[in-house]
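Single-letter residue listing:
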Amino acid sequence: MRRPAAIDRKLQRDLWALKSQVVSIALVIGCGIGGFVATFSTHESLGRSRDFYYDSARFAHLFASVKRAPLAEVQRLRLLPGVADIEARIVHDTQLDVPGVVPPMVARLVGADFTRRPAMNRLALKAGRWPVPGSATEAVANLRFLEARSLAPGAEVTVLVNGKRERLQITGGVLSPEYIYATRGGGMPDDEWFAVLWVDADRLAAAYDMEGAFNSVSLRLQGDASPAPVIAGIDRVLGDYGSLGAIAREDQPSHRILEQEIAQQRVIGSVLPAIFLAVAAFILNVVLRRQVETQRGEIAALKALGYDNRTIGAHYLKFASVIVVLGAAAGAALGGWLGSAMTGLYTDFFQFPQVRFRVVPWTLAAGTAIAALAAFGGALAAIAGILRLRAAEALRPPAPDAFRPLLVERLGLSAMLTPAQRMILRNLERRPVRAALAVAGIGASVAILLSGTFWSDSVDHFIDVQFNRVQPAGVSIAFVEPRPRGVIAELARLPGVQQAEATRVIPARLRAGARSYRTTVTGVTDEGRLLRIVDAGLRESKPAPGGMILTTRLAERLGVAAGDMVGVELLEGRRVNADFRVSATVRELAGMNAWMRLEELNRLAREGPVVSAAGLLASREQEPALLQRLKQMPAVAVVTVTSSLLETFRRNSARNLLFFTAILTAFATTIAVGVVYNNARIQLAERAWELATLRVLGMTRAEVSVLLLGELAFEILTAVPLGLLAGYWLSALIVALTHGDVFEIPLVIRPDTYLFAAAAVAGAGAASALIVRRRIDRLDLVGVLKTRE
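I will try to describe carefully the structure that is included in this document. (Residues numbered from 1 in each chain as written. Predicted model: local features only at pLDDT ≥ 70, side-chain atom pairs only at ≥ 80, totals over all residues. Heavy atoms only, no water.)

**Topic: the pairing of strand β21 (residues 610-618)**
- Of all nine residues making up β21, eight are buried, and the element is well covered by its neighbours.
- When strand β12 (residues 475-484) meets β21, the two strands line up antiparallel, connected through six bridges. Paired with Ala478 across the strands is Ala613, a residue of β21.
- Of the pairings in the sheet, the one linking strand β13 (residues 497-512) to β21 comprises six bridges and is antiparallel in character. Bridge pairing in β21 links Glu501 to Gly615. (Buried < 20%, exposed > 50% of the residue type's maximum accessible area, 1.4 Å probe, protein only. Helix = DSSP H or I, 4+ residues; strand = E, 2+ residues; numbered from the N terminus. Pairing = 2+ DSSP bridges.)

Here it is as structure tokens:
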């Protein structure tokens, strides 16, 4: 037996001689492990941060809104079985005016008692100070709004309070568990246009004539209490006071959207990293197997020198282990950095007082174990056959492959090919499995890149459908109270208004058998063009007389289809109950919506021809004058400017999409380089004697390079279209798994996105092939030819 130190020195020499391949394979493994660690750890960190914040801020479990209820009813609610604590308050949405900003904004005024710590939904002061208790002119605002508007403590704003304009000084910025995702209606985030202002509760009650009353209540449950019976009890107590129906935390707008985002992160953090790690493991297995096969002669020499099979096997397992350790170290570092960056993006999107990113240990262990299994499997599979040979037999070169005419030659088409092309195709045809594995690796990198870059196309399509097709109105307004339909004519006479259209929106609970869902029913006019019902295929629908249209998601939630009956309970006014037939379902991209004809909704509500909202189409030149007039109308509670909302949304989404596109492009490029470069280096090692012989026979460097690089070019050209097809289906899988109640992201991939994915991977492959071309040019003909025979 030889001393182990000698074979260990061989290991060191092999690692140094193959350093570029070792590094490229380790980078592929590092990307696989890093993506796996980062996404799973980000998901875990977000979940822990959410749970910690909810517990420390005592986030409520149940919520209910009413028109007006006496404070005496709070005691009845407190006595409901399962209720641990309760807090009533006053909440009103109104217009907000910030100096220097033309479009009006939306402010949610929330009554707060600044003399004590609230029992639930506790605020965290992050900037400035608390308002002086009893002050009618001071308030704290949600921190995201202040940051978005570059407002500091001490800034003054104007709000419309019960028809009168009042000035408020913002004394501080706060975080609230109710508004981690600050949105008025449960839709897109609008930090620049939606503010939550906490003001003195007594002053707010006096301003709205709500002394001794409340219109919003939050409850926390005892540890083992079920929400459903408590919700039923709340609805019984508050039913006579214009209750909109109690909801559980899972239906609270901020929490629901937060949960959907974390769930999507869980999906993306499961599917993409799992695929990426599997691809990396596959590549590692294939490359190591081929790398070891090129050392057939060295393995035979070791056997001849007295090394047993176990020692030789351990030597190549050590070789594989070094690559795995390097990849795991790179993956740990990359996972920590990438996970921290991803968590930072989500922290900017959702505001938690404290976010601590921590690498989840099992993810690093699992990723390393998968890589190690792939590496050891590839190495052992390669040396197993060689170790079974006797030393003298293994020292002989492997038997030449049996050549036969190409398929194109058998078809009589050989004249169409040059000698070099026939040599390339013959080499590919005699090793189809090897070529297929190379194509699969490159195609996987294309698929991963496409599945990570299609999001911008889908978001652009979503915006186009929702704001150019569904809601083309440039300005949307909501009234404080329903108004006579004649108000539309008044709006049409405002500056720059080209078209005004009425709608009626009433909160309602829809029932079908044992299932129910709280949403809104929107009444639309037959001739309406500013609020259209358009599905994902851009087909428009109109409510049929006596019927109701539901979104596909809502219909699935209720378990109904076109032609079925649903019960409708209006949660406003006289709380009428009626049954309607579902005339159609539409696959709309946003919300869980229901529509009826405006006249029929008003008839159902028994309130006459009234409207609660309107859409305005106005000229851009006169839009500032229009907005100034709307600010002066006390009957208008909320004004939404579509262009401003979209600008904010695009700016936020563009930053996130750019980050993820850059990361996935780097990952996919690493895979492509790892596959192509290692393929080329291994083929060069396998065919060095053949290429050197051709050079001696008179072929030029360029002609010899074509034989090797032509195979790589064929593999890349074959892999790219297959990868694009696989990327489409991978994208479809991700879209299906991230399907939610709030938004449905459509699967839309533009031609330029396909082109980008193909060009990025092809470019990476071409660059790595050119590096190998330099090695071909520097081939030592005499030295190579001496290694044979």
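Next comes the rest of the account.
**Here we look at the side chain of Arg509**
- Here Arg509 lies in strand β13.
- On the basis of relative accessibility, which here comes to 10%, the residue Arg509 falls in the buried class.
- If we ignore the near neighbours within four places in the chain, the residues touching Arg509 are Asp235, Gly245, Ala246, Ser516, Tyr517, Arg518, Gly567, Val568, Glu569 and Leu571. (Contact = heavy atoms within 4.5 Å.)

**Considerations on the packing of aromatic side chains**
- Considering all chains together, one arrives at nine aromatic pairs under this definition.
- Both rings, one in Phe40 and one in Trp362, keep their centres 5.4 Å apart while their planes meet at 65°; by these two values the pair is edge-to-face. Taken together, the positions of Phe40 in helix α2 (residues 19-56) and Trp362 in helix α10 (residues 361-387) put the pair 322 residues apart, joining distant regions of the chain.
- Judged by relative accessible area, Phe40 falls into the buried class, the value being 17%.
- Seen in terms of ring centroids, Phe114 and Trp130 are 6.2 Å apart; in terms of plane orientation they differ by 40°. Their pairing is tilted. You can see Phe114 sitting in the loop between β4 (105-112) and β5 (124-128) and its partner Trp130 sitting in the loop between β5 and β6 (138-142), a full 16 residues away along the chain.
- The partly exposed category is assigned to Trp130, whose relative accessible area is 37%.
- What links up through ring pairs into an aromatic cluster is the set Phe36, Phe40 and Trp362.
- Positioned above the aromatic ring of Trp16, the side-chain terminus of Lys19 is 4.4 Å from the ring centre. (Phe/Tyr/Trp six-rings, centres within 6.5 Å; stacked < 30°, edge-to-face > 60°. Lys NZ or Arg CZ within 6 Å of the ring centre and 35° of its normal.)

**Let's talk about the environment of Ile771**
- Locating Ile771 in the fold gives a position in helix α22 (residues 751-777).
- When the C-alpha atoms of Ile771 and Tyr677 are compared, they prove to be 8.0 Å apart, with 94 residues separating the residues in sequence.

Distances and angles like these do not, on their own, reveal function.
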